[in-house]
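# Reading the structure
Here is what each chain is made of, one letter per residue.
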Amino acid sequence: MDKNDGPAAPLRREHWASRIGFIMAAAGSAVGLGNVWRFPYVAGENGGGVFLVVYLALVFTLGLSIMVAEFTIGRAAQRNPVGACRTLGGRRWAPLGYLGLVAGFLILSFYVVVAGWTLTYAFKLATGGLGASAGEPAETFAAFVADPLQTIPAAAVFMVLTVAIVLGGVKGGIERANLVLMPLLFVILVGLAVRAVTLPGAGAGLSFYLAPDFSALSIDTLTRALGQAFFSLSIGLGAMITYGSYLDRGQNIPRAAGWVAGLDTLAAILAGFAILPAVFAAGLNPEAGPGLAFVVLPTVFASMPLGEFFGTLFFILLAIAALTSSISLLEPLVAYFIDEHGLHRGKVTVLVAFAAFALSVPSALSLGPWSGFTVFGKSLLDLLDAVTAGILLPAGGLLIAIFVGWVIGPKAIFELGLAKPEASAAAKVWLWILRLPAPVAIAWILITWAAA
Ligand code: PHE
């Protein structure tokens, strides 16, 4: 499995040790704070059920097609996003790679801040520092995010953990960490969802989540669902190009992408079940914004036997899920400097992480001492989140679709290496989606939204 040379692999490159290892790593990238922290609050702000429907439709059409496109680019080129676009499309496509690196850098900077919240919450639950009687969790959260002496060190700890794994390289670090911990997170999410939907008063939340009210559909809902799909699937920025570049030819790319999108969606749906019914049971507002999970879940844990134990375990697992995502944000940047500038993994990893952390500090402060300073009414953290998920990732996805659909074209189908005729028929549909419907739909959503 571990052939590093040969004509298709111009660079000597480490490869995933196993098929399942690759799927778990890519699923590890996809499943993270996007599912548990971001999905429920964005769904809550955008009509619940109607958001879920639009989101699912986008994931399994555009999202899946673009994920397959990214894996294909990465495996064909065996390079980081910039090098891959340049190798396959010539110099003028290199900016697509750079766009992705910038998006990844910006996401990493605020991602570690939110991941730091989960680390802190694990600690607070373990030590009984989270009140759960009416109103208390909301106050606790507000006081916590406003305190940079807590949030900045927590973000730093998380960044150090990210660096430690990326230093270990693809196989030793990234692959091994995923295999064990992902299944455990799913088990506990199921447990939480069961508890939340059986809380007294959960019914209103269930119908909010499951009965779509299509009159609430707006261009805003569409844009937020598109951004959430890209963010949650880790696509549009080259993270999946990078993971695909560690693939050898044995792997069936569409099947792997199907698994990744399926697991990611399952995690998001479960998180919705764990959080939205509980919001209503606790008499809270689903439009509470980015703090939603951190305000609601403590009330769920408080209503469970051994709640402190399960709560601590949950936030630890969530932090680990976030870690398998943050490494996929750092790795493309590291791969770029290694491949294109011949630098050493060790030095680059530390430097890039340090630079990203320099931006984490103002992000963290923007919810506390600097909260008076907003742009378009948003704190820096919210702004970075909105610009990356809402604009940069969809724009990256649009260009990736055009790149694979028109520039690589039928060669991309060849790269998929599908033997069965029905598989190549599906591949033609895929290429067609990338050529027209995907770019047109993304462009339409972005332009309509910007004009509104
Ligand atoms: N998909 C990750 C999550 O849901 C976040 C992420 C986005 C990771 C983009 C890598 C690239 O938490």
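## Regarding the packing of aromatic side chains
One pass over the structure, following the stated rule, counts 27 aromatic pairs. With a centroid separation of 5.2 Å and an interplanar angle of 75°, the aromatic rings of Trp-16 and Tyr-243 are classed as edge-to-face. A residue pair is termed long-range when its members are at least 10 positions apart, and Trp-16 in the segment before helix 1 (19-30) and Tyr-243 in helix 11 (residues 239-245) qualify at 227 residues. For the ring pair Trp-37 and Tyr-41, a centre distance of 5.6 Å and an interplane angle of 50° mean the geometry is tilted. Residue Trp-37 and its partner Tyr-41 are located together in helix 2 (residues 33-45), separated by 4 residues, close to a single helical turn. Like Trp-37, the residue Tyr-41 is buried in the burial classification. Through a chain of ring-to-ring contacts, three or more aromatic side chains come together here, namely Trp-117, Tyr-121, Phe-141, Phe-144, Phe-294, Phe-301, Phe-314 and Phe-315. It is Arg-435 that lies over the ring of Trp-406; its NZ or CZ is 4.9 Å from the centre.

## Some points on the site of the ligand
Ala-30, Gly-34, Tyr-111, Phe-231 and Ser-234 are the nearest of the 14 residues found near the ligand. One of the side-chain nitrogen or oxygen atoms of Asn-35 is found 3.5 Å away from an oxygen atom of the ligand. Here a nitrogen atom of the ligand and a backbone polar atom of Ser-232 are 3.1 Å apart. Alone, the ligand offers 320 Å² of accessible surface; in the complex the protein occludes 100% of this.

## A word on the nonpolar core
Phe-314, Phe-315 and Trp-430 are the most contacted members of the largest nonpolar core, which has 156 residues in total. Per element, the largest residue contribution to this core is 17 residues, and it comes from helix 5 (residues 94-126). Look past the residues within four positions of Phe-314 in its chain and what remains in contact with it is Val-36, Ile-188, Leu-189, Leu-192, Leu-297 and Phe-301.

## Focus: the pattern of salt bridges
Should their charged atoms come close, side chains of opposite charge can pair. Counted according to the given criterion, the structure contains 7 salt bridges. Here Asp-339 makes a salt bridge to Arg-13, at a shortest N to O gap of 3.1 Å. Residue Asp-339 is located in helix 14 (residues 307-341), and its partner Arg-13 is located in the segment before helix 1; the two are separated by 326 residues in the primary sequence. The residue Arg-86 makes a salt bridge to Glu-340 at a minimum N-O spacing of 3.1 Å. Taken together, the positions of Arg-86 in helix 4 (residues 81-89) and Glu-340 in helix 14 put the pair 254 residues apart, joining distant regions of the chain. By relative accessible area, which is 27% here, Arg-86 ends up partly exposed. Members of the salt-bridge network, linked through shared partners, are Arg-75, Arg-249 and Glu-415.

## Considerations on the confidence of the model for the chain
On average, the chain scores 91 in pLDDT, and the residues at 70 or more come to 94%. Of the regions scoring below 50 in pLDDT, residues 1-10 engages in 17 contacts with residues more than four places distant in sequence or in other chains.

## Description of helix 5
When the terminal C-alpha atoms of helix 5 are compared, their 48 Å separation across 33 residues agrees well with the 48 Å that a helix rising 1.5 Å per residue should span. The element helix 5 is largely enclosed, with a buried count of 25 among its 33 residues. Positioned one or two residues after helix 5, Gly-128 has a phi angle of 70°, which is positive.

## Some details on a nonpolar patch on the surface
Taken together, Trp-406, Val-407, Trp-432, Leu-436 and Val-440 make up a surface patch of nonpolar side chains, about 530 Å² in accessible area. Relative to the helices and strands, Leu-436 is located in the loop between helix 18 (421-435) and helix 19 (437-451). Leu-436 sits in the partly exposed class, given a relative accessible area of 46%.

## Some points on the packing of helix 5 against helix 15 (residues 345-365)
It is the contact of helix 5 with helix 15, at a shortest axis distance of 8 Å, that shows an interaxial angle of 60°. Looking at the two axes, helix 5 sits oblique to helix 15. Where helix 5 crosses over helix 15, the two elements pack in a sense that is right-handed. From helix 5, Phe-105, Leu-106, Leu-108, Ser-109, Phe-110, Val-112 and Val-113 reach across to helix 15, where they touch Val-352, Ala-355, Ala-356, Leu-359, Ser-360, Ser-363 and Ala-364. Class assignment for the residues of the contact of helix 5 with helix 15 results in 11 nonpolar, 3 polar and no charged.

The rules behind these values
- Residues numbered from 1 in each chain as written.
- Predicted model: local features only at pLDDT ≥ 70, side-chain atom pairs only at ≥ 80, totals over all residues.
- Heavy atoms only, no water.
- Phe/Tyr/Trp six-rings, centres within 6.5 Å; stacked < 30°, edge-to-face > 60°.
- Helix = DSSP H or I, 4+ residues; strand = E, 2+ residues; numbered from the N terminus.
- Buried < 20%, exposed > 50% of the residue type's maximum accessible area, 1.4 Å probe, protein only.
- Lys NZ or Arg CZ within 6 Å of the ring centre and 35° of its normal.
- Near = heavy atom within 4 Å.
- Polar contact = N/O pair within 3.5 Å; in protein donor to acceptor, adjacent residues only side chain to side chain.
- Areas by Shrake-Rupley, 256 points an atom, 1.4 Å probe, with all protein chains shown as cover.
- Core = buried A, V, L, I, M, F, W, Y, C linked by side-chain atoms within 4.5 Å.
- Contact = heavy atoms within 4.5 Å.
- Salt bridge = Lys/Arg side-chain N within 4 Å of Asp/Glu carboxyl O.
- pLDDT = per-residue confidence, 0-100.
- Expected span 1.5 Å × (residues − 1).
- Patch = residues over 30% accessible without salt bridge, like charges linked within 9 Å, V, L, I, M, F, W, Y side chains within 5 Å.
- Axes fitted to C-alpha atoms, helices over the stretch in contact; angles between N-to-C directions.
- Parallel < 35°, antiparallel > 145°, perpendicular 65-115°, else oblique.
- Left-handed = near helix turned anticlockwise from the far one by under 90°.
- Nonpolar A, V, L, I, M, F, W, Y, C, P; charged D, E, K, R; others polar.

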